[in-house]
Each structure stands twice: as C-alpha cells, then as structure tokens.
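Take a look at the letters that make up each chain.
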Amino acid sequence: MSWEKNMRTVDPYVAGEQPKQAGVIKLNTNECPYPPSPMVRKAAEDFDCEKLRLYPDMNAEKLVNALAGYCHVKPEQIFVGVGSDDVLAMAFMTFFNGDKPILFPDITYSFYDVWADVFRIPFRTCPLDEDFCIRKEDYLVPNGGIVIPNPNAPTGVLEATAMFEEILQANPDSVVIIDEAYIDFGGESMLPLIEKYDNLMVVQTFSKSRAMAGIRIGFAIANEKLIRYLKDVKFSFNSYTMNMPSIEMGTAAVLDDAYFKEIVGKIVATREWTKEQLRELGFTFADSKSNFIFATHKSVPARDIFLALKENNIYVRYWNKPRIDNYLRITIGTDEQMQKLITFLKTYLKEH
Ligand code: PMP
C-alpha cells in the first residue's frame, strides 16, 4: 500500500501472558499474589461515580502530595503516570533527545529498546558480565542518557548505590534513570541522592510491592527542573491520564504503610524459602533481591520445564533470546503456590 511508506513501524513490546482459564498459578508477570490494602478497597467503595462527569485533576495533586510526604520530597519533585511504563516512555521522549546513543544493559527490561525504536532514539546495549552484573566501565563513555533497573529485570540482581554514584558523577551531561520497579523487595533506593545529583531520576511503581498492577500507577522522583521538563512533554501529549479512581485508590495505598510492609515481608520470606528449594532441585541463579528468581537448571533445558509447567497450569516466564534462553523467571507467589510449584518440579525433574 502506498500509504505504508509513511508508517511509524516498530516491533512492539511483548508482555507476559494473561491466561483466561481459572485455576492457573500465575508466576509469569511479577504481580503481587496478595490483594491491595483494605484501605484501597474502601476508597473504591467510597468513590462517588457522579464525579466522573468532570475531568480529573491533571496534576493528581492528592496522590502527588501523599507520595511527596511518604518520600520526604516536595510535590514539585514528583511525576505520576499510568504505570511506570507511562512514566518511562515520557522520560525517554523528554530526556533522550540527543544524537549520542543512550545506554542500557543487554539483558534488561525488554521495553527499553522498544521505546528507543518508537521514539527514534539511538541506543547501545552494554553486556552484563557472566554473573549478570553491570560492568560499570561500559557507562563511563560518551552517551545520550542511561537507564538501568535496580534490581535488574529479569535477573533480580541488585547493584550497589556506590556504583551508580560513579556512573552519575561521570555523566553530568546525561540524565540517568534508575528504574526501581523492584526496589522494595530488598534494595536501597537511590531516592536520597536526588538532591546530590541533578541528573538522577528514580522511577517506582505501584504494580509490584503495592499489589496494584491493575490500577496502573507509577511515579518518578527527581529535582524540580527535571520534573518540570517531563511535565511539559506529558501535558503536550495527553493531560488527563490519571483517572479519578486511580488517584483516590493510589493515595489510600500510600497511606497504609503497615500493610505495604506486611506483604513485602511475606514475599521476601517466601522468596528465600523458594531459593533453598530450587537450589536443592539443581537450579542455580544470581541472588535475587526482587519478587522473582531467574533460574537455570543443571541438566534440564528451561524451555522443557517452562512447557511442562504450563501444561500443568503453572505459568512462569521464558524468553527464547540470546544468553537467557536456558533461564526461567519465576515470580514469587504465596507460600501455597510456591509449594505447588516445588512439588511439581520435584516429580518432573526426577523423571527427566
Ligand atoms: N520496569 C521494570 C524493570 C519492569 O519489570 C516493569 C514491569 N513490567 C515496569 C518497569 C513497568 O511496570 P508498570 O508499568 O506496571 O509500573
């Protein structure tokens, strides 16, 4: 078709499967196995649908103020979006506008190269070492920006703040985005460093540790200037992305810190138990500080295990990609779900 030559073509991001059938043990998209805070449910019940006539507050002030209080920063230092995917996409569009390639790891969140493609941002991937760790030197070269998840996904590896500080210091001309989608499961946030580094932006999400993947809330924290640039682009794109119920329910989640800590604690305990079980079954993995484990088996190919699990209604994530095609990413579920996984694996591995 002649009009096709004007298309903006891109290979889209492929998300993990959302199976429709009942009874699935779903350990494939790093969701939280527990429900959101009871205060979130109450906020939903109390929401007055009559209000939906009106546009929502485009600054999502109530939610931004709650987050500012929680993070001990000014409201002007916070940007909220429809999941951290929205926040990251806006950040790519805003900050990565130069000619030099942006840098991110070769094994990482597979949305980064898609955003780079769709926004026509040149990029270069930096190979992780054989232990799936970042090689700091790779980021001490001229670049148009840097984005790294910490802990990294899908490896679960947490890197030290000191290493990121070196990267930040060496790159005063680039914005450095640290994607902290999984930081609450055992890492130390870079958040306190936003005052020290004006080129640092930290991104977090309600999808994992706050058990609200379905509501779609993510946020960025940085100095006021970076946030202002981000908002200028966002309001030039779509002003009213945060809907009213999200603002109310998100605010309720932030205010229930005790519940947040309780479910994170449970997931961390289950993760540590699962690590021991997997080790006994002959799996190896880099130590995970996230809500998933990225594991490979000493003799049985990951793809075979993945398919066998799926046939038995246990969904984990598998990528047929270089360097990681013998690994499974297993999200941490409830104790009961993980026990079922381990029980299945014990039998399956004995037979293979
Ligand atoms: N960053 C990383 C590293 C992720 O794994 C995910 C989850 N797919 C996201 C960002 C996006 O999460 P969300 O849009 O649900 O906040």
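Structure first, text after, so check above.
Given the structure is predicted, the values throughout are model-derived calculations rather than measurements.

S.K.: Please give an account of the overall build of the protein chain that cites residues and values.
M.R.: Secondary structure summary: the protein chain contains ten helices and twelve strands in total. With 352 residues in all, the protein chain has 54% of them scored as buried. Across the protein chain, contacts joining residues at least 24 apart in sequence account for 73% of those joining residues at least 6 apart. Counting only carbon and sulfur atoms, one obtains 52% of the accessible surface of the protein chain, whose full area is about 16,600 Å².

S.K.: A description of the site of the ligand should follow, citing residues and the corresponding values.
M.R.: For the ligand, the set of nearby residues contains 13 residues, the closest of which are S84, D179, Y182, T205 and S207. S84 places a side-chain nitrogen or oxygen 2.6 Å from an oxygen atom of the ligand. For the ligand, whose free accessible area comes to 400 Å², the fraction covered by protein is 92%. The leading source of residues in the shell around the ligand is helix α3 (residues 83–95), at four residues. Residues belonging to the shell around the ligand are distributed by class as follows: five nonpolar, four polar and four charged.

S.K.: I'd love a proper account of a nonpolar patch on the surface, names of residues and values included.
M.R.: The grouping of M1, W3 and M7 at the surface amounts to a nonpolar patch, some 390 Å² of accessible area in total. Here M1 shows up in the segment before β1 (25–26). Using a relative accessible area of 67% as the deciding quantity, one classes M1 as exposed.

S.K.: Summarise empty space enclosed by the protein; cite the residues concerned and give the values.
M.R.: Evaluated as defined, the whole model comprises one cavity of 30 Å³ or more. A volume near 60 Å³ is recorded for the largest cavity. P36, S37, V40, S209, R210, M212, A253, D256, Y259, F260 and I263 are the residues that line the largest cavity. Among the elements that line the lining of the largest cavity, the one with the most residues is helix α8 (residues 257–280), at three residues.

S.K.: Explain the state of the cysteines residue by residue, including any values.
M.R.: Tallied over the entire structure, the rule returns zero disulfides. Cysteine C126 remains unbridged, with the sulfur of C133 as its closest cysteine sulfur at 14 Å.

S.K.: Got a sec to walk through the sheet that holds strand β8 (residues 218–221)? Specific residues and values, please.
M.R.: If you walk across this open sheet you meet the seven strands as β2-β8-β7-β6-β5-β3-β4, and the pairing is mixed. Here the strands that pair on one side only, and so sit at the sheet edges, are β2 (78–81) and β4 (123–126). Each strand axis lies, on average, 20° off the axis of its neighbour in the sheet, ignoring direction. The pairing of strand β5 (residues 145–149) with strand β6 (residues 176–179) spans four bridges and is parallel. Bridge pairing in β6 links P149 to D179. Across the face of the sheet, helix α2 (residues 61–71) comes into contact with β2 and β8 while running at roughly 130° to β2. Relative to β5, helix α5 (residues 161–170) is tilted by about 170°, and along the sheet it contacts β5, β6 and β7 (200–205).

What counts and how
Residues numbered from 1 in each chain as written. Predicted model: local features only at pLDDT ≥ 70, side-chain atom pairs only at ≥ 80, totals over all residues. Heavy atoms only, no water. Helix = DSSP H or I, 4+ residues; strand = E, 2+ residues; numbered from the N terminus. Buried < 20%, exposed > 50% of the residue type's maximum accessible area, 1.4 Å probe, protein only. Contact = heavy atoms within 4.5 Å. Areas by Shrake-Rupley, 256 points an atom, 1.4 Å probe, with all protein chains shown as cover. Near = heavy atom within 4 Å. Polar contact = N/O pair within 3.5 Å; in protein donor to acceptor, adjacent residues only side chain to side chain. Nonpolar A, V, L, I, M, F, W, Y, C, P; charged D, E, K, R; others polar. Patch = residues over 30% accessible without salt bridge, like charges linked within 9 Å, V, L, I, M, F, W, Y side chains within 5 Å. Salt bridge = Lys/Arg side-chain N within 4 Å of Asp/Glu carboxyl O. 1 Å grid on protein atoms, 1.4 Å probe; cavity = no way out; pocket = protein on both sides within 12 Å on 5 of 7 lines; lining within 4 Å. Points joined across faces, edges and corners; volume = space filled by probe spheres on them. Disulfide = S-S within 2.5 Å. Pairing = 2+ DSSP bridges. Axes fitted to C-alpha atoms, helices over the stretch in contact; angles between N-to-C directions.

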